[in-house]
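Given next are the chains, with one letter for each unit.
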Amino acid sequence: MSTRSPAPPPSAQLPAVLVGLLTGGAAGFLLTETLGAFCAFVLGRTLDVAGTGGVLLAAFVAVPLICAVLGAVIAVRRAGHNLRWQRGR
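Would you mind going over the overall build of the protein with me for this structure?
Scanning the protein from terminus to terminus reveals two helices and zero strands. Of all 89 residues assigned to the protein, the portion counted as buried reaches 19%. By sequence separation, contacts in the protein at least 24 residues apart represent 83% of the contacts at least 6 residues apart.

Next up, the structure:
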């Protein structure tokens, strides 16, 4: 017999998913903007998104999306852990 407690229902995880998506997306956006500001002010070179053949543009789109997905996954795992911990008390 398994000692693991059952996973919480998906409806209990929905707020965690939304908060994780928003937080992760904001963190990814902040990361890309920080990189752009660092290049502009510290290195004295602006990032030319159009001149790189779309690679830099793809990176600036992909980083916030990847961070949003990671934020949602982390939030769901933490919410599931917290719900199981509260039920066990």
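Can you help me understand the side chain of Thr32 in this one?
Relative to the elements of secondary structure, Thr32 occurs in helix H1 (residues 10–42). Overall, Thr32 belongs to the buried group, its relative accessible area being 6%. A distance of 2.8 Å separates a polar side-chain atom of Thr32 from the backbone oxygen of Phe29. Apart from the residues lying within four places of it in its own chain, the contact partners of Thr32 are Phe60, Val63 and Pro64.

It is not clear to me how a nonpolar patch on the surface should be interpreted in this structure. Could you clarify?
A cluster of nonpolar residues, Phe38, Phe41, Val42 and Leu43, forms a patch on the protein surface that exposes about 480 Å² of accessible area. Within the secondary structure, Val42 sits in helix H1. You can call Val42 exposed: its relative accessible area is 56%.

What should I look at first to understand the environment of Gly80 in this one?
Structurally, Gly80 is set in helix H2 (residues 55–88). Sequence-wise, Gly80 and Gln13 are 67 residues apart; in three dimensions their C-alpha atoms are separated by 7.3 Å.

Rules of the game
Residues numbered from 1 in each chain as written. Predicted model: local features only at pLDDT ≥ 70, side-chain atom pairs only at ≥ 80, totals over all residues. Heavy atoms only, no water. Helix = DSSP H or I, 4+ residues; strand = E, 2+ residues; numbered from the N terminus. Buried < 20%, exposed > 50% of the residue type's maximum accessible area, 1.4 Å probe, protein only. Contact = heavy atoms within 4.5 Å. Polar contact = N/O pair within 3.5 Å; in protein donor to acceptor, adjacent residues only side chain to side chain. Patch = residues over 30% accessible without salt bridge, like charges linked within 9 Å, V, L, I, M, F, W, Y side chains within 5 Å. Areas by Shrake-Rupley, 256 points an atom, 1.4 Å probe, with all protein chains shown as cover. Salt bridge = Lys/Arg side-chain N within 4 Å of Asp/Glu carboxyl O.

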